[in-house]
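# Summary of the model geometry
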Amino acid sequence: DAESYTKTNTAIDTTLYEAPDDSTTANAIKSNSTGIKNYKIQQGSLSVTDGSTYTLSVHAKKGTLGFAKVQFNDGATDFKADFNLNTGAITNTASLIDQAVDAMDDDWYRCFITFQAGNTSSGGIATVFAQSAAGDATPNIAVSGVILLYVWGFQLEQDITSTPYIATTTAARTRTTTLSDTSD
């Protein structure tokens, strides 16, 4: 939902694009400013507990720019990784337990970062930065209205791994984990 994002130097228009689940629900991050800037969207007011493990995932697809930085801030630490949306390579990781990427159909990638919160906060922030290259959080965009990246399905879970995407609208959803006892 485009209204739930805080946008920096970006616009998310009402046009929706084909998402990985074949629905027309993906958003495009567009430049609404020019020059060397941070072009990002974020969702805030996310609750995390000190010492608990979380996995943040988002689906991303290149637009004009082919890299995305996925980041979570717990109020004290930035947990982050850069994802190459051309090759699936992951670089520039910081403070993570794990990171992963799944290549999907139609050039989509599901990008994951797993971290242990070092702070209890109800003001956690999940962010996707559009990048021109790994490590370049301030690309130079010459004109407004350019589609930088496509995004869909932000998901923060209190777990060491991510489950399949859970569709949400305005409220958090939960999923019960089923454990299998394989002991003798």
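The paragraphs below set out a description of the structure included in this document. Small disclaimer: the values here were computed from a predicted structure and weren't measured.

The next subject is the pairing of strand 4 (residues 24-31). Where burial is concerned, most of strand 4 is hidden: six out of the eight residues are buried. In terms of strand pairing, strand 2 (residues 10-11) meets strand 4 through two bridges, oriented antiparallel. Of the residues in strand 4, the one forming a bridge with T10 is S31. Sheet topology note: the strand 3 (residues 17-18)/strand 4 ladder contains two bridges and is antiparallel. Bridge pairing in strand 4 links E18 to T24. In the sheet, strand 4 pairs with strand 15 (residues 147-157) via four bridges, with the strands oriented antiparallel. Bridge assignment links I29 to a residue of strand 15, and that residue is L149.

Another point: a negative patch on the surface. Taken together, the side chains of E18, D21, D22, D105, D106 and D107 make up a negatively charged region of the molecular surface. Note on placement: D106 falls in the loop between strand 11 (98-103) and strand 12 (108-116).

Here we come to the side chain of N73. Relative to the elements of secondary structure, N73 occurs in strand 8 (residues 67-73). Within the structure, N73 has its side chain in polar contact with the backbone oxygen of T77 (distance 3.4 Å). A distance of 2.6 Å separates polar atoms of two side chains, one belonging to N73 and the other to D78. Excluding its chain neighbours within four sequence positions, the residues that come into contact with N73 are D78, G124 and I125.

Looking at chain direction, strand 11 and strand 12 are connected through six bridges and run antiparallel. For A103, the partnering residue across the bridge sits in strand 12 and is Y109. As consecutive antiparallel partners, strand 11 and strand 12 are separated by four residues, and within that stretch D106 has a phi angle of approximately 60°, a positive value.

With that settled, consider the sheet that holds strand 9 (residues 78-84). Reading across the sheet, the six strands line up as 1-6-13-8-9-10 and stay open at both edges, with antiparallel pairing between neighbours. In this open sheet, the two edge strands, each paired with only one partner strand, are strand 1 (6-8) and strand 10 (90-94). Sheet twist, expressed as the mean angle between neighbouring strand axes with direction ignored, is 20°. The pairing of strand 6 (residues 40-48) with strand 13 (residues 121-131) spans six bridges and is antiparallel. In the strand pairing of strand 13, Q43 is matched with A126.

Analysis parameters
- Residues numbered from 1 in each chain as written.
- Predicted model: local features only at pLDDT ≥ 70, side-chain atom pairs only at ≥ 80, totals over all residues.
- Heavy atoms only, no water.
- Buried < 20%, exposed > 50% of the residue type's maximum accessible area, 1.4 Å probe, protein only.
- Helix = DSSP H or I, 4+ residues; strand = E, 2+ residues; numbered from the N terminus.
- Pairing = 2+ DSSP bridges.
- Patch = residues over 30% accessible without salt bridge, like charges linked within 9 Å, V, L, I, M, F, W, Y side chains within 5 Å.
- Areas by Shrake-Rupley, 256 points an atom, 1.4 Å probe, with all protein chains shown as cover.
- Salt bridge = Lys/Arg side-chain N within 4 Å of Asp/Glu carboxyl O.
- Lys, Arg positive; Asp, Glu negative; His and termini not counted.
- Charge placed at Lys NZ, Arg CZ, Asp CG, Glu CD.
- Polar contact = N/O pair within 3.5 Å; in protein donor to acceptor, adjacent residues only side chain to side chain.
- Contact = heavy atoms within 4.5 Å.
- Axes fitted to C-alpha atoms, helices over the stretch in contact; angles between N-to-C directions.

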